[in-house]
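Structural overview
The chain contents come next:
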Amino acid sequence: MRLSVLDQSPISEGSTGAEALHNTIDLATATDKLGYHRYWVAEHHGGPMLAGGSPEALIGPIAAATAGIRVGSGGVMLPHYSPLKVAETFTILAGLFPGRIDLGIGRAAGTDPLTTFALQRDRRQASPDDFPQQLAELLAYFDDSLPAAHPSQRLAAMLPGRPQLPDTWLLGSSPQSAIWAGELGLPYAFADFINPGGAEIAALYRERFAGGRDLQTPRTAVAAWVLCAPTDEEAQRLATSSRMTLTLLRRGQLIAVPPPEKAIEFLRREGKLDGNGAPAGGPLPGRRGIIGSSEKVRGEVEQLADEYGAEEVIVVTITHDHAARRRSYELLADVFGLEPSSARLAASTNP
């Protein structure tokens, strides 16, 4: 089983978006050295909590700062963009960093309806819901398979990074995304941290999988919310920051990631902590959270991967303190016995 990273570039209360972006580069270099397989950055717009509004702008600096880890988008929200522009951007990245670039494609807006409208170039009316057509066009640019009569047919050969191409994934949290990924023969990453309990959807993807592209057998990854600390108690304390943000998110209130002290006081007032200060009502409101010490987290991550039939778990971790977030990934790498990049490099250079 592979372990990877999904970084949403969280903005801590009292910090700035610029600091959050520098933290993303720092975490990428750390997880590259620790032996994680891939590092994806997310796309969110118009909120105070997450700074990753442009994954395509972050991927290049991350790839330049790292050595072996795959780097990509988790994901690019295709409804905001021209398929040709996405194809051009990601072939440039693939040309600069061959064999290391992933293009994870999503359908969601990554924001509220007003910000979605503000992202449109043409604001005379709402954009059409034509994601399947957009996705088909994007893949046709990569495959150079547009019909000869198509007005854009010649452009596929002109993608600037050719012959290098990104690995394209479909992201999702619904049955429809699983069907599309299966029928198109794409690898599929399911967002359990958004929609917990999607094992049947992952199974649907495998049932509908049709080979014929570069992928001959289905490939499933599951993205999960994970927080690892030296003790279960410390992990639960750190997780109170996300418990507060998710509680308010369900009320339509967006905030930066608060410190645990502030979050604990809020949760006590809300009656969401028991008399011992432990969370009441599950790990995270409306979400699955794998939270605890190293051995506890390892067992639950392995159980999750088995539940989904996934070859890879993509770990999402948010804490107020960046050092605690780094420490979580360090503990996870250690308990899973990931091979540090220095050891991999030495093995590849020695007979």
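Summarised in this report is the structure supplied together with it.

Conventions we followed
Residues numbered from 1 in each chain as written. Predicted model: local features only at pLDDT ≥ 70, side-chain atom pairs only at ≥ 80, totals over all residues. Heavy atoms only, no water. Helix = DSSP H or I, 4+ residues; strand = E, 2+ residues; numbered from the N terminus. Rg over C-alpha atoms; globule rule 2.2 N^0.38 Å. Buried < 20%, exposed > 50% of the residue type's maximum accessible area, 1.4 Å probe, protein only. Contact = heavy atoms within 4.5 Å. Areas by Shrake-Rupley, 256 points an atom, 1.4 Å probe, with all protein chains shown as cover. Axes fitted to C-alpha atoms, helices over the stretch in contact; angles between N-to-C directions. Parallel < 35°, antiparallel > 145°, perpendicular 65-115°, else oblique. Nonpolar A, V, L, I, M, F, W, Y, C, P; charged D, E, K, R; others polar. Salt bridge = Lys/Arg side-chain N within 4 Å of Asp/Glu carboxyl O. 1 Å grid on protein atoms, 1.4 Å probe; cavity = no way out; pocket = protein on both sides within 12 Å on 5 of 7 lines; lining within 4 Å. Points joined across faces, edges and corners; volume = space filled by probe spheres on them. Phe/Tyr/Trp six-rings, centres within 6.5 Å; stacked < 30°, edge-to-face > 60°. Lys NZ or Arg CZ within 6 Å of the ring centre and 35° of its normal.

With respect to the overall build of the protein
If you tally the helices and strands in the protein, you get 12 helices and 9 strands. The C-alpha radius of gyration computed for the protein amounts to 20 Å, which stays within 12% of the reference 20 Å derived for 351 residues, consistent with globular compactness. Based on the C-alpha atoms only, the size of the protein along its principal axes is roughly 70 × 65 × 40 Å. Taking all 351 residues of the protein together, the buried fraction comes to 50%. Considering only contacts within the protein whose residues lie at least 6 apart along the sequence, 72% involve residues at least 24 apart. Surface accessibility of the protein: about 15600 Å² in total, with carbon and sulfur atoms responsible for 52%.

With respect to the packing of helix α2 (residues 55-65) against helix α3 (residues 83-96)
When two helices pack together, their arrangement is given by the angle between their axes and by how far apart the axes lie. The geometry of α2 relative to α3 is characterised by a closest axis approach of 10 Å and an angle of 5° between their N-to-C directions. Comparing the axis directions of α2 and α3 gives the class roughly parallel. Facing E56, I59 and G60 of α2, the residues of α3 in contact are T89, F90 and L93. In the contact of α2 with α3, the residues fall into 3 nonpolar, 2 polar and 1 charged.

Remarks on the pattern of salt bridges
By the definition in use, this model includes 19 salt bridges. With a shortest N-O distance of 3.4 Å, R208 and E183 are connected by a salt bridge. With R208 in helix α7 (residues 199-208) and E183 in helix α6 (residues 175-184), this residue pair connects regions lying 25 residues apart in the sequence. Here R208 falls in the partly exposed class, since its relative accessible area comes to 37%. Its salt-bridge partner being R327, residue E330 comes within 3.6 Å of it at the nearest N-O pair. Taken together, the residues span about one helical turn, with E330 and R327 both in helix α11 (residues 322-335) at a distance of 3 residues. Judged by relative accessible area, E330 falls into the partly exposed class, the value being 25%. Three or more residues are tied together by salt bridges with common partners; here these are R38, R70, D102, D167 and E312.

Thoughts on empty space enclosed by the protein
Scanning all chains against the criterion turns up 1 cavity of 30 Å³ or more. P10, S12, N23, T319, H320, H322 and R325 are the residues that line the largest cavity. Taken together, the residues of the lining of the largest cavity sort by class into 1 nonpolar, 5 polar and 1 charged.

Focus on the packing of aromatic side chains
What the rule picks out here adds up to 7 aromatic pairs. Both rings, one in Y36 and one in Y329, keep their centres 5.7 Å apart while their planes meet at 75°; by these two values the pair is edge-to-face. Placement of Y36 in the loop between α1 (17-34) and β2 (38-41) and of Y329 in helix α11 is noted, with a sequence separation of 293 residues between them. Residue class for Y329 comes out buried when judged on its relative accessible area of 1%. Summarising the aromatic geometry, the rings of Y188 and Y205 are spaced 5.2 Å apart at their centres and angled 40° between planes, so their arrangement reads as tilted. One end of the pair, Y188, is in strand β6 (residues 188-191); the other, Y205, is in helix α7, and 17 residues separate them in sequence. Of the residues examined, Y188 reaches a relative accessible area of 0% and is grouped as buried. Assessed through its relative accessible area of 0%, Y205 is described here as buried. A cation sits over an aromatic face here: R298 above F336, 5.4 Å from the ring centre.

Focus on the layout of surface pockets
If you add up the space inside the largest pocket, you get close to 1200 Å³. For the lining of the largest pocket, the secondary-structure elements that each account for two or more residues are β3 (70-77), β5 (167-172), α6, β6, β7 (220-228), α8 (232-249) and β9 (312-316). Of the residues in the lining of the largest pocket, the class split is 27 nonpolar, 17 polar and 4 charged. If you go around the second largest pocket, you meet 23 residues; those closest to its centre are P79, H80, T116, Q120 and S127.

Side note on the environment of G182
Inspection of the secondary structure puts G182 in helix α6. Judged by its relative accessible area of 0%, G182 falls in the buried class. Residues G182 and R213 lie 31 residues apart in sequence; the distance between their C-alpha atoms is 11 Å.

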